Amino acid sequence: MSANPQDGRRPDPSLRPTSISVLVVAGLAAAAAGWLLLSFSYSRLPSLPWTPALVLAVLAVAEGMLAQNTAARIQRKPGAPPVEPLAVARYVALAKASALVGAIFAGFSAGLLTWLLLEPTKAARDDIPATAGGLVAALALIGAALWLERSCRVPEQPDRQDDDSDRPSERR
């Protein structure tokens, strides 16, 4: 939320674009957690499944399609129906949450993948494809989520310096 304490008014609620630095920090923390998890317990874990990679890939495709549709509707392209403002707010919330989840999963997968690449066992080599697939799907989800968030922005309106129609008329 933004606030201007000097003027005495209540702060205006505002929503800021997703910070890339927050996504990077979340990813790095998750990478460290993934590395530590595998280094202490890999021998006791079952083989890594493909399910998370598939779920993230489906979410990335769905959000990519939603981003394309929303951008066309907000820009009022021919044939695109108008979009409800509340729906756009929900899309932004979905995009922000998905970007963070994608960053955490991408970091976790990167930590796992790095550890697996350094481990000389056959079990580790067998887990590399599922982990790499999870990393790629998580990166795709981050990209789709950021695209959806960007698609929800209201387009810039041209400056109307010569048009004073929105100003109250003055009596002289």
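Residues numbered from 1 in each chain as written. Predicted model: local features only at pLDDT ≥ 70, side-chain atom pairs only at ≥ 80, totals over all residues. Heavy atoms only, no water.

Peer 1: Can you walk me through the overall build of the chain in this structure?
Peer 2: Helix and strand counts for the chain come out as four helices and zero strands. Shown N-terminal to C-terminal, the secondary structure of the chain runs as helices and strands in the order α-α-α-α. Burial status across the chain gives 32% buried among its 172 residues. When the accessible surface of the chain is totalled, it reaches about 11900 Å², and 62% of it is carbon and sulfur. (Helix = DSSP H or I, 4+ residues; strand = E, 2+ residues; numbered from the N terminus. Buried < 20%, exposed > 50% of the residue type's maximum accessible area, 1.4 Å probe, protein only. Areas by Shrake-Rupley, 256 points an atom, 1.4 Å probe, with all protein chains shown as cover.)

Peer 1: Help me understand the environment of Ala60, please; the structure alone is not making it clear to me.
Peer 2: Note on placement: Ala60 falls in helix α2 (residues 51-74). Relative accessible area serves as the criterion here: at 9%, Ala60 is assigned to the buried category. Sequence separation between Ala60 and Ala145 is 85 residues; the distance between their C-alpha atoms is 7.4 Å. Excluding residues within four positions of it along the chain, Ala60 makes contact with Ala140, Leu141 and Ala144. (Contact = heavy atoms within 4.5 Å.)

Peer 1: I'm lost on the pattern of salt bridges in this one. Help?
Peer 2: As a working rule, side chains carrying opposite charge can pair if their charged atoms are close by. One pass over the structure, following the stated rule, counts one salt bridge. For Asp126, the salt bridge identified is with Lys122, shortest N-O distance 2.9 Å. Of the two residues, Asp126 and Lys122 are both situated in helix α4 (residues 122-151); the distance of four residues between them amounts to about one turn of the helix. For Asp126, a relative accessible area of 47% gives the class partly exposed. (Salt bridge = Lys/Arg side-chain N within 4 Å of Asp/Glu carboxyl O.)

Peer 1: Just checking my understanding: could you explain unusual backbone geometry for this structure?
Peer 2: Generally, phi is negative for residues other than glycine and the peptide bonds are trans, each holding for most cases. Positive phi, normally seen in glycine, also occurs at Arg76, with a value near 55°. Tracing the backbone through its elements, the reader meets Arg76 in the loop between α2 and α3 (85-118). Arg76 gets classed as exposed once you look at its relative accessible area, which sits at 73%.

Peer 1: Would you mind going over the layout of surface pockets with me for this structure?
Peer 2: Empty space among the atoms becomes visible once a probe the size of a water molecule is rolled across them. Of the pockets and cavities examined, the largest pocket occupies roughly 200 Å³. Lining the largest pocket, in full, are Leu15, Arg16, Pro17, Val92, Glu149, Cys152, Arg153 and Val154. (1 Å grid on protein atoms, 1.4 Å probe; cavity = no way out; pocket = protein on both sides within 12 Å on 5 of 7 lines; lining within 4 Å. Points joined across faces, edges and corners; volume = space filled by probe spheres on them.)

Peer 1: Please clarify how a nonpolar patch on the surface should be interpreted in this entry.
Peer 2: A contiguous nonpolar surface patch, about 460 Å² in accessible area, is contributed by Trp35, Leu36, Phe40 and Leu118. Counting residues per element, the nonpolar patch draws most heavily on helix α1 (residues 20-41), which supplies three residues. Of note, Leu118 is situated in helix α3. (Patch = residues over 30% accessible without salt bridge, like charges linked within 9 Å, V, L, I, M, F, W, Y side chains within 5 Å.)

Peer 1: Sorry, what's going on with α1 here?
Peer 2: One turn of an α-helix holds 3.6 residues; hence residues three or four places apart share an orientation. End to end, α1 covers 31 Å across 22 residues, agreeing with the expected 32 Å (1.5 Å per residue, within 8%). When α1 is considered as a whole, its buried residues turn out to be Leu23, Ala26, Gly27, Ala30, Ala31, Gly34, Leu38 and Ser41. Looking straight down α1, one finds its buried side chains confined to an arc of 145°; they lie on one side. Seen from the buried face of α1, the exposed residues on the opposite side, beyond 90 degrees, are Val25, Leu28 and Phe40. (Expected span 1.5 Å × (residues − 1). Arc of directions from axis to C-beta.)

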